[in-house]
Amino acid sequence: MLGRRALVFLLVLMATAAFVFPQVRVQAAGNVVTPGQVILDPLPGTPAIGLPGDTIEVYPAEGVSVQSLQIVSILHGPYDLQIVGTEGGVVRAKIPNEAVPDVYFLVVRSNKGDVAIPNGLWVMDRAPTVLRIAHGSDLHVTSGFKMGFVCGDYFQKSIPEILNYCNNPIGMHSYTATESFMTYYAMVGSGGQNVINLIISTGDDVDTNGDQEGYKMLNRAILYATAAGTPLISIKGNHDDPPTYYGKYVGPRYFYRVIGDFLIIGLDSRGEERHPEMEQLQWMEDVLKSHPNKTVIVLVHHPFWYSTPDGKWGGTIKGYTAFDDSDWKALTRFVSWDWEGSKGEYEDIARYFLQMVEKYNIRLVLSGHIHNDKPVLYIDKNGNEHWFWTLTATGAPDKTSNPPSETDKGLGYTVPSWYGSQVVYVYSNGTVEFPLAGNVLHDGISSLPVPQKFVVFRQEGQEGTAVQFFNELNESVSGPLVIRIPAGASVDPEGTNITYRVVAEREIAGEKYMLLNVTVPRGVGQITAVTKKDTKPPEVSIGYITPSKPKPGQRFSVYISADDNVGIRTMKVQIIVDGKVVKELPAFSVKPSEVKATYFTEVDGVNATTFTIKAIATDFYGNTKEATYQVGTTTTITATTTTGTSSNEGKGICGPAAILALIALPNLLRGRK
């Protein structure tokens, strides 16, 4: 017999083989490569930036010879980039004068293979006078299971807790939250309400640094947003450390980008060290010296401040300077131990950083990590304002519930949080504004309710693509939307209830994309693009429950396997006692980026020893299929559609082995822990 570790490893391999995440790539001479195997920079999280006619730099990976560079978007190109020289291994290439401003795939052909990198080059129409930033952080995308539950302003970490506030909560897998955040700001940025022109993520992009599939999922979300015309810049966090896959899929450890009068510096505060090393800060000062008279924005995952005179969760620190010994000593009571050390062992690093903030008049420092909002305004002795904005988690459910649950209160957390983001305007003269947030210097929630109140579910089946929207904002949302479609698919008005206009279609790197302009009204909406009208019901089977024999009143979980040719819109679970429905609960996919997935729900106890569990799956065309599971008798699983009934006694597609593999996968993939 297999040992326990060997068995778990085998199950993980089976689970990994079952869940395939598509990735934009080019295949050349039978050689398939990841972005970072060809070039180190730019990558999907660190695009090259320039105007038509500008020269960009491309950093090949070791042993790679770049043969040609090309850019293409759904609307524009392809354009060939002229390689004008190579110095120290760095390839310099000119953006064609005729290139239309857009966010492009960068197609690299090399001796090691070819790759198409989404968000590879941002071609601007002019140098911006204001950066309108959509700030997200702590996306924690995972190929495993990481989910919270939302309902309007409410956020809770379990289904029974959120059901105290509403009957129809929304499940927010970390991938769902990430894609919703990026999709929303791409819509209101490029051609929509024009609220922002750049998306920024400040680290912990993926939940586990060794989760390669998680990074592929992240790149898919980046693709959908940036292909719609809004660029993204990202830095690494401690969950991305060590950068086993981060450097292959997202970007370098630290970097800088010049955007007209703006200088963005992305730092790496590493893993358990929780602050940049001295050599990195010296590099930062060299960058600052060589780019004078720029408005500087610094991105670093771990926040610099622990508290302020106004409290732990934000406020103003005023009238000090890091260049004065007595002032610095007074400031240390506010500085985070992550930067200074619990005994001041990293004091030189923390002080050096703050001195640079003052010396070079850095106007904005964006961070994350703590999964709560913490805005701090540091006004130095000369009266210069420096914003240190720390954002709640955009994707991870590991945050304080809203309202705080009893568990949160028991741990000492009473400040609520949610799935949030922030819009920050930085002007070329250094002015920083939070135009949508009002007064931000207070305890509690300062972030905006995106994706909390704008949720996007995307399903891609063999015969079509479906996107579902939950818009609980106070207005409709309009702008570009990119979907991936199978060959021959077109938007079906019969399966669509939002306003849309098809702008363009194009195949890039072997995958076909459609660019639309859509208006998503308040409420629930959907759009489908199919090869033919969908009359096929979903497949559904209840795999098992845990515990397998719940006692009356005992909480238990139900696991369901489902699949569809286009996508599943809803999954419900009914508890039936003596022929009467006593509970009806929503069920949620643990793989929301896939059509074929496991769904689950939590039942807060049934006052009976014998009862029936019924799962009801409905697709985007209203086709429905049911499956039942008997508890307390000989187990029978039955599936029913409008056209017939089939029965599999004691069998299910999703059993304990698949769930065990799903749970074990992130832990076995973790490289650091």
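Conventions and cut-offs
- Residues numbered from 1 in each chain as written.
- Predicted model: local features only at pLDDT ≥ 70, side-chain atom pairs only at ≥ 80, totals over all residues.
- Heavy atoms only, no water.
- Disulfide = S-S within 2.5 Å.
- Helix = DSSP H or I, 4+ residues; strand = E, 2+ residues; numbered from the N terminus.
- Buried < 20%, exposed > 50% of the residue type's maximum accessible area, 1.4 Å probe, protein only.
- Pairing = 2+ DSSP bridges.
- Phe/Tyr/Trp six-rings, centres within 6.5 Å; stacked < 30°, edge-to-face > 60°.
- Salt bridge = Lys/Arg side-chain N within 4 Å of Asp/Glu carboxyl O.

- In the nomenclature of an unreviewed UniProt entry, the protein is known as Metallophosphoesterase of Thermococcus waiotapuensis.

1. A word on the state of the cysteines
Right, so step 1: Evaluated as defined, the whole model comprises one disulfide.
Right, so step 2: Here C151 pairs with C166 through a disulfide, and the sulfurs are 2.3 Å apart. One end of the pair, C151, is in strand β10 (residues 147-151); the other, C166, is in the loop between α3 (159-162) and β12 (170-173), and 15 residues separate them in sequence. As far as burial versus exposure is concerned, C151 and C166 are alike and both buried.

2. Observations regarding the pairing of strand β24 (residues 454-461)
The side chains of a regular strand alternate between both faces of the sheet.
Right, so step 1: In terms of residue burial, β24 counts as a mostly covered element, since eight of its eight residues are buried.
Right, so step 2: Residues F454, V456, R458 and E460 line one face of β24 and the alternating positions V455, F457, Q459 and G461 line the opposite face, and both faces are buried.
Right, so step 3: Relative to strand β25 (residues 464-471), β24 is paired through eight bridges, and the arrangement is antiparallel. When the sheet's bridge partners are listed, G461 is paired in β25 with G464.

3. Quick word on the packing of aromatic side chains
Right, so step 1: This model, assessed by the stated rule, comprises 29 aromatic pairs.
Right, so step 2: When the centroid spacing of 5.2 Å and the interplanar angle of 80 degrees are considered together, the rings of F155 and Y419 count as edge-to-face. Highlighted residues: F155 in strand β11 (residues 154-156) and Y419 in the loop between α11 (406-410) and β22 (422-427), separated in sequence by 264 residues. Each member of the pair, F155 as well as Y419, is classed as buried.

4. Notes on the pattern of salt bridges
Right, so step 1: Counted according to the given criterion, the structure contains 28 salt bridges.
Right, so step 2: We note a salt bridge from E511 to R220, for which the minimum N-O separation is 3.1 Å. Here E511, found in strand β29 (residues 511-520), pairs with R220, found in helix α5 (residues 212-226); they are 291 residues apart in sequence, far enough to count as distant. Exposure class is identical for E511 and R220. Each is buried.

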